[in-house]
Amino acid sequence: MFSLTNRIRQISSPASQLYRCQSTLVVAEHNNEKLNPVTLHAITAAKQLGGDINCMVVGSQNCANVAKEIAEVGGISKILVAENAVFEGFLPEKLAPVLLASQDQFKFTHILAGASAFSRSLLPRVAAKLDVSPISDIIGVKDADTFVRTIYAGNAIMTLKSKDPVKIVTVRSTAFEAAGSSGGAAAIEDFAAPTEGPSVSQYVGQELSKSDRPDLSSAKVVVSGGRGMKNGDNFKMLYDLADKLGAAVGASRAAVDAGMVPNDMQIGQTGKIIAPELYIAVGISGAIQHLAGMKDSKVIVAVNKDAEAPIFQVADYGLVADLFKAVPEITEKI
């Protein structure tokens, strides 16, 4: 009788219920028009966790179109849609109560999003409200509780195991393939989201730079400039090269801090982390903080007049030359 009672307690324990009911919520990032590709990489990570996968689309307009885009991805059970004008600007103060309400209703074991400025401002707030520790920028999934991430600017790899009842995770998009948009049959449901939140901030507007070049985060070819460019006007030669290659243009932190280019072009530990097919580094010395943002690139080409620059240690092809002569010549020959 004692063993039977003990067995019943084991079956009904919270840990057992957690295992049997494992489910993941992927927070979709979008611009009220189309899905940001980082979400597809987060979905791939969610599939490695196992269990049901659900997605949450929150925005001020056109959320149904974004939801339909996600519904084409296989392996997703349900898509929750919360659309209201109060979510304009995707302020974390407004979006966090939505995720908390969904967590209260569905009891997810994992909440994931692609690592970006959007998720870095939202998920830590959700984690604090749930009294758990966020797990940032993972590059691997061992099991439902164990994750792999880099530390010390990518010089060391940490494997960590979380004992929190719900795991709040951001996913480095360069470490996971994008989920394919085929075989999907997810149900789309409206979610009655709370629309009242703290009034500590207000969305006023935004000024976005428009370009015909690919988005830096997802471009297959990237041309990047550093301190060696000397001033912002000289970046025109990189723009000309990028236009011929169909590439995006990025920059090192040194170039951004010097005011040569805006900070949305920054690549590195404190900027965008990318892994294009081809990365061309021009006038970049190769500081460890910059390497952390581009060292997973398939092919790295470096142009620098300093033969001892650290960038040559990670480059597949190196050209020791004056960039002001080399870049126009390369552009002309393409």
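Residues numbered from 1 in each chain as written. Predicted model: local features only at pLDDT ≥ 70, side-chain atom pairs only at ≥ 80, totals over all residues. Heavy atoms only, no water.

Asker: What exactly am I supposed to notice about the overall build of the protein here?
Answerer: Counting its regular elements, the protein contains 11 helices and 14 strands. A burial count over the protein gives 47% of its 334 residues as buried. Across the protein, every contact between residues at least 6 apart in sequence was considered, and the portion connecting residues at least 24 apart equals 66%. For the protein, the accessible surface area stands at approximately 17300 Å², while carbon and sulfur atoms represent 49% of it. With 32 positive and 34 negative side-chain charges, the protein shows a separation of 6 Å between the mean positions of the two kinds. (Helix = DSSP H or I, 4+ residues; strand = E, 2+ residues; numbered from the N terminus. Buried < 20%, exposed > 50% of the residue type's maximum accessible area, 1.4 Å probe, protein only. Contact = heavy atoms within 4.5 Å. Areas by Shrake-Rupley, 256 points an atom, 1.4 Å probe, with all protein chains shown as cover. Lys, Arg positive; Asp, Glu negative; His and termini not counted. Charge placed at Lys NZ, Arg CZ, Asp CG, Glu CD.)

Asker: For this particular structure, what's the right way to read the sheet that holds strand β4 (residues 110–114)?
Answerer: Working definition: the strands of a sheet are paired by backbone hydrogen bonds and lie parallel or antiparallel to each other. What the nine strands build is an open sheet, ordered β7-β6-β5-β8-β4-β1-β2-β3-β9; its pairing is mixed. Edge positions in the open sheet fall to β7 (156–161) and β9 (187–190), since each of these has one partner strand only. Adjacent strand axes in the sheet meet at a mean angle of 35° when their direction is disregarded. Bridge analysis of strand β2 (residues 52–59) against strand β3 (residues 78–83) gives six bridges, and the strand direction is parallel. Bridged to Asn54 within β3 is Lys78. Against the sheet, helix α4 (residues 63–71) engages β2, β3 and β9, with an angle of about 165° to β3. Strands β1 (23–27), β4, β5 (134–141) and β8 (167–171) of the sheet are contacted by helix α6 (residues 117–130), whose axis makes an angle of about 170° with β8. (Pairing = 2+ DSSP bridges. Axes fitted to C-alpha atoms, helices over the stretch in contact; angles between N-to-C directions.)

Asker: What's the story with the packing of aromatic side chains in this structure? I'm lost.
Answerer: Think of a pair of aromatic rings as described by two things: how far the centres are apart, and how the planes are tilted against each other in angle. Counted according to the given criterion, the structure contains four aromatic pairs. Ring centres of Phe106 and Phe108 lie 5.6 Å apart, and the angle between their planes is 35°; this geometry places the pair in the tilted category. Within the aromatic cluster, the residues linked to one another by ring pairs are Phe106, Phe108 and Phe191. (Phe/Tyr/Trp six-rings, centres within 6.5 Å; stacked < 30°, edge-to-face > 60°.)

Asker: Please clarify how α4 should be interpreted in this entry.
Answerer: Every α-helix winds through 3.6 residues per turn, so residues three or four apart in the chain are directed the same way. Taken together, the buried positions of α4 are Cys63, Val66, Ala67, Ile70 and Ala71. Along the axis of α4, the buried residues cluster in a sector spanning 145°; they form a single face. For α4, the elements touching its buried residues are α3 (38–49), β2, β3 and β9. (Arc of directions from axis to C-beta.)

Asker: So what exactly am I meant to see when it comes to unusual backbone geometry here?
Answerer: It is generally the case that most residues other than glycine have a negative phi and that most peptide bonds are trans. For Phe90, which is not glycine, the phi torsion reads 55° and is therefore positive. A residue is classified by how much of its surface remains accessible, and Phe90, at 19% relative accessible area, is buried. With a phi close to 55°, Lys107 is a non-glycine residue in the positive phi region.

Asker: Got a minute to help me understand the packing of helix α7 (residues 236–245) against helix α11 (residues 323–333) in this structure?
Answerer: Two packed helices can be described by the angle between their axes and the distance between those axes. α11 packs onto α7 with a crossing angle of 25° between their chain directions and a minimal axis gap of 9 Å. Looking at the two axes, α7 sits roughly parallel to α11. Taken as a pair, α7 and α11 cross one another with a handedness that is left-handed. Contact residues: Met237, Leu238, Asp240, Leu241 and Lys244 in α7; Leu323, Phe324, Val327, Pro328, Ile330, Thr331 and Glu332 in α11. The residue inventory of the contact of α7 with α11, partitioned by class, reads eight nonpolar, one polar and three charged. (Parallel < 35°, antiparallel > 145°, perpendicular 65-115°, else oblique. Left-handed = near helix turned anticlockwise from the far one by under 90°. Nonpolar A, V, L, I, M, F, W, Y, C, P; charged D, E, K, R; others polar.)

Asker: When you look at the nonpolar core in this model, what are you seeing that I'm missing?
Answerer: When a protein is soluble and globular, its nonpolar side chains tend to lie buried together. Formed by 32 residues in total, the largest nonpolar core has its most connected members in Ile43, Ile70, Ile76 and Ile79. Not counting residues up to four positions away in its chain, the partners in contact with Ile79 are Cys55, Val57, Ala67, Ile70, Ala71, Ala186, Ala187, Ile188 and Glu189. (Core = buried A, V, L, I, M, F, W, Y, C linked by side-chain atoms within 4.5 Å.)

Asker: Can you walk me through the sheet that holds strand β12 (residues 278–282) in this structure?
Answerer: Strand order in the open sheet made by the five strands is β11-β10-β12-β13-β14, with parallel pairing throughout. Pairing within the sheet leaves two strands with one partner each, and these edge strands are β11 (248–251) and β14 (317–320). The average undirected angle you get between the axes of adjacent strands in this sheet is 15°. One ladder, built from five bridges, connects strand β10 (residues 221–225) with β12; its direction is parallel. In the sheet register, Val222 faces β12, and the bridge partner there is Tyr279. Sheet strands in contact with α7 are β10, β11 and β12, and its direction is about 175° off that of β10.

In short, the description is geometric, and any link to function would need to be established separately.
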